Amino acid sequence: MTEPATSSNRPPTFRREQALLLEVHNLSKRFGGLQAVKDLTFTVGEGEIVALIGPNGAGKTTAFALISGFLAPDSGTVRFAGRDLRGLKPHEINALGLARTFQIMRPFPRLTVVRNVMIATLGRHRDTREAERRARAVLDEIGLGAKAELPAGVLTLAERKRLELARALGTEPRLLLLDEVMSGLTDAETERIVELVRALNRRGIAILLIEHVMRAVMSLAQRIVVLNYGERIAEGRPEAVANDPRVIEAYLGDEEVTRAPA
Amino acid sequence: MRRGRGEPSEGSPTQKMWAAALAVAVLLALPAVLSGYAVTIFILIFFYAFLAQAWNVVGGYAGQLSAGHAAFVGIGGYTAALLFERGVTPWIGMFAGGALAAVLGAIIGYLGFRFGLRGFYFVLLTVAFAEICRILASNVEAVGGAVGLYITFTGNPRQFQFQDQRAYYYIALALMLLATGVTALIERRRFGIYLTAIREDETACEALGVDVLKYKLLAMIVSSFLAGLGGTFYAFQNFSLQPGAVFGIPLSVEIVIRPIIGGAGTLLGPILGSFILTPLGEVSRSYFGQSGLHGAHLIVYGVLLVAVVLFLPQGAYPYLRKLLSRRNIA
């Protein structure tokens, strides 16, 4: 718990050949006495899938809020597609092609499912017919087409997770920030979302995901960034990160580290 | 493509057009058979429905509960009346009043929305704004002070004055149809669809690329402009403006309660609300007023409001629509 400061400032050495889409540099945010995010630096390349993991309270969701403009950082910068996002409002950041989902889902409960997605598609398609056509196409892709006319408030948890994803997708992003879109789902449902995320990525959408479902993280992520107490304590390929003693320590605590299985 | 629109279908568009045309035709023909007293009641129904519809844009669709909409009526009325004293016809003064109301609506909206005032805090801001207007108007002698403004009767239609009450009937009807037409137009465009989502979750809207501040402000501007137009009608139908009457909380309540009873955020809710409440208010006002119980009509409003909140929380119109569509299926 005392050591990781030195290693966390090591610059990322992976996939340098890719064009950088998201560049987070020395990002910090403090809430009163709590340093939620501290000197966080990492990147997401064009078309890459990166996972942001860490124990509860490690600052992952705060990092998302800082990147997507819902919180202003105390210091540090976020660049997206070469552009500094400082001072931009969330809707402006979304218009640049960076979409996020919320860990605590925020459907518009009294609007129909298709209307929910139209709120997203209308941003790039002012014509309501065209926006509706695109919303239905997204719903079909996500597997919610049959629920299009229902009010979003009646959807199940798994359906609401997918709606959250459908709406983010409806804004036609280049980078998708997914905040625990698989938590609380059954294995089968998780597998469907994993396939979906992979399909979106194949279409060229870069993905940054926060996830606790390790099986999904290991199979999806090309690179993993590990946070603990707001700091990056490790970064690398999934296999390397899984065997990193600092990561095991962060997840299991000091005493357990010697006995922890790899 | 599967079903047509995003909303649950209730009657085809052509059916709705015919129903609307029929209703308008009936209302156009009605003065021929109505008594003078009934005509004045209908004038009030239309006029309050118009103000309620204006409120509905920002209060119903966008869900921003302005409780000070009387202020915009007052600003519009005072503007037209003061311009009239200087020789400007109210037909022009009406739009000057609407424009000034819209500017003030934009300022109040910006103050409220920019600093994230929601729910009760926005209610308080708008009430405070209307009260400031009322106190200013009561104390500035140049605008008539506490006595208010009186308009000399000329009976000249060019000066928005008519011998025949039926003229006011048609103007009030036109205002109601204007506000409803504007709302119908907004409802089916991107602007209106965004408003319904803003009402439900502003944060989610921002995340989906919706400029929440801009659309809330636009709603406020449209709403306050329309309410401002209504001020001229009020002034030139009553030939007087008193600060307490046009800026006061009672008028704001009259404006808010109709869409809430009828169905806020629906196209026909404010009209239905006005058809229910206005006659009820007038009858109970004169009935209780005769026995010296002034203000007792407010008790009737209160009882009705409690009943609606308990039994029809979405308002009367959505309930009616559900009833009708159930009958169609059966």
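Residue numbers run consecutively from 1 along every chain, following the written order of its sequence. A letter from A marks each chain and a number from 1 marks each ligand, given out in the order of writing. Per-residue local features of the predicted model are confined to residues with pLDDT of at least 70, and side-chain atom pairs are confined, for both listing and counting, to 80 or more; whole-chain, interface and lining totals are unaffected and use all residues.

1. Side note on the overall build of chain B
Point 1. Broken down by element type, chain B carries 14 helices and 2 strands.
Point 2. Atoms counted for the radius of gyration: C-alpha only. Globule rule: 2.2 Å times residue count to the power 0.38. A compact globule built from 330 residues should have a C-alpha radius of gyration of about 20 Å, and chain B, at 20 Å, falls within 12% of that.
Point 3. On the principal axes, the C-alpha backbone points of chain B span a range of 60 × 50 × 40 Å.
Point 4. Residues classed as buried in chain B amount to 45% of the 330 residues present. By definition, any uninterrupted DSSP run of H or I lasting at least four residues is a helix, any uninterrupted run of E lasting at least two residues is a strand, and each is numbered from the N terminus. Remark: C-beta atoms are placed from the backbone, and a residue is labelled buried if 20 or more other C-beta atoms sit within 10 Å of its own, exposed if 12 or fewer do, or partly exposed between those counts.

2. Comments concerning the nonpolar core
Point 1. As used here, a nonpolar core is made of buried Ala, Val, Leu, Ile, Met, Phe, Trp, Tyr and Cys residues. They are joined through C-beta atoms within 7 Å. Formed by 170 residues in total, the largest nonpolar core has its most connected members in Ile119(A), Phe46(B) and Ala172(B).
Point 2. A residue pair is marked as a contact if its C-beta atoms, positioned from the backbone, fall within 7 Å. Ignoring anything within four residues of it in the chain, the contact list for Phe46(B) reads Ala172(B), Leu173(B), Leu175(B) and Met176(B).

3. Details of the confidence of the model for chain B
Residue and element names in this part refer to chain B.
Point 1. Scored by pLDDT, chain B comes out at a mean of 90, with 95% of its residues at no less than 70.
Point 2. pLDDT measures how confident the predictor is about each residue, on a scale from 0 to 100. Mean pLDDT per element in chain B: helix α14 (residues 316-329) is the minimum at 78, and helix α9 (residues 212-238) is the maximum at 97.
Point 3. Segment residues 1-9: pLDDT under 50, and 10 contacts once partners within four positions in sequence are set aside and those in other chains are kept.
Point 4. The ipTM value of the predicted complex is 0.86, and its pTM value is 0.88.

4. What about the interface of chain B and chain A?
Point 1. Chain B puts 22 residues into the contact, and the matching count from chain A is 26 residues.
Point 2. For the side of chain B that touches chain A, the secondary-structure elements that each account for two or more residues are α7 (190-200) and α8 (202-207) of chain B.
Point 3. Take the side of chain B that touches chain A: its biggest share by element is 6 residues, from α7(B).
Point 4. Its residues placed into classes, the side of chain B that touches chain A shows 9 nonpolar, 4 polar and 9 charged. Following the grouping adopted for this structure description, the nonpolar residues are Ala, Val, Leu, Ile, Met, Phe, Trp, Tyr, Cys and Pro, the charged ones are Asp, Glu, Lys and Arg, and the polar ones are all others, Gly among them.

5. Section: the environment of Ile142(A)
Residue and element names in this part refer to chain A.
Point 1. As for its placement among the helices and strands, Ile142 is situated in helix α5 (residues 128-142).
Point 2. When the C-alpha atoms of Ile142 and Phe80 are compared, they prove to be 26 Å apart, with 62 residues separating the residues in sequence.
Point 3. Among all residues touching Ile142, those that are not within four sequence positions of it are Arg162, Leu165, Ala166 and Leu196.

6. Overview of the pairing of strand β8 (residues 206-210) of chain A
Residue and element names in this part refer to chain A.
Point 1. For β8, the tally of buried residues reaches 5 of 5 residues, placing the bulk of the element in the interior.
Point 2. The alternating pattern of β8 places Ala206, Leu208 and Ile210 and Ile207 and Leu209 on opposite faces, both of which are buried.
Point 3. Relative to β8, strand β3 (residues 49-53) runs parallel, the two sharing 4 bridges. Residue Leu52 lies in a different strand from β8, and its bridge partner there is Ile210.
Point 4. Inspection of the sheet shows strand β7 (residues 175-179) paired to β8 by 5 bridges, in the parallel sense. The partner of Leu176 across the bridge, within β8, is Ile207.
Point 5. A crossover counts as right-handed when, viewed with the strands pointing away from the observer, the path leading from the first strand over the helix to the second turns clockwise. Chirality of the crossover, the property in question, places the unit of β7, helix α7 (residues 187-202) and β8 among those that are right-handed. For two strands to be treated as a pair, DSSP must find no fewer than two bridges joining them.

7. Observations regarding the sheet that holds strand β1 (residues 20-31) of chain A
Residues and elements named next belong to chain A.
Point 1. Strands sit in the order β2-β1-β4-β5 across an open sheet of 4 strands; the sheet is antiparallel. Only two strands of the sheet have a single neighbouring strand rather than two, namely β2 (34-45) and β5 (83-84).
Point 2. Pairing analysis gives 5 bridges linking β1 to strand β4 (residues 75-80), with the strands arranged antiparallel. Along β4, the bridge assignment pairs His25 with Thr77.

8. Section: the sheet that holds strand β9 (residues 223-228) of chain A
Residue and element names in this part refer to chain A.
Point 1. Strands sit in the order β6-β7-β8-β3-β9-β10 across an open sheet of 6 strands; the sheet is mixed. Each edge of the sheet is formed by a strand with only one pairing partner; in this case those strands are β6 (98-100) and β10 (231-236). Pairwise comparison of adjacent strand axes, ignoring direction, gives a mean angle of 15 degrees for this sheet. All axes are obtained by fitting lines to C-alpha atoms, using only the stretch in contact for helices, and the reported angles, taken between N-to-C directions, cover 0 to 180 degrees.

9. Remarks on the packing of helix α4 (residues 90-114) of chain B against α9(B)
Relative orientation and spacing of two packed helices are given, respectively, by the angle between their axes and the distance between those axes.
All names here are of chain B.
Point 1. Following both chains from N to C, one finds α4 and α9 inclined at 145 degrees, their axes separated by 6 Å at the closest point. Every pair of crossing elements has a handedness; the one defined by α4 and α9 is right-handed.
Point 2. Each residue belonging to the contact of α4 with α9 can be placed in one class, and the counts come to 18 nonpolar, 10 polar and 2 charged. Handedness of a helix crossing follows the sense of rotation of the near helix relative to the far helix, less than a right angle counterclockwise being left-handed and clockwise being right-handed.

10. Some remarks on α7(B)
Point 1. Along α7(B), 9 of the 11 residues are buried, which leaves the element largely enclosed by surrounding structure.
Point 2. Those residues of α7(B) lying buried are Phe191(B), Gly192(B), Ile193(B), Tyr194(B), Leu195(B), Thr196(B), Ala197(B), Ile198(B) and Arg199(B).
Point 3. Those residues of α7(B) that are buried lie in contact with α4 (113-121) and α5 of chain A together with α2 (36-61), α6 (165-188), α8 and α9 of chain B.

11. Looking at the environment of Gln103(A)
All names here are of chain A.
Point 1. Inspection of the secondary structure puts Gln103 in the loop between β6 and α4.
Point 2. Residues Gln103 and Lys161, spaced 58 residues apart in sequence, show a C-alpha to C-alpha distance of 8.9 Å.
Point 3. In this view, Gln103 contacts Thr61, Asp179 and Glu180; residues no more than four positions away in its chain are not counted.

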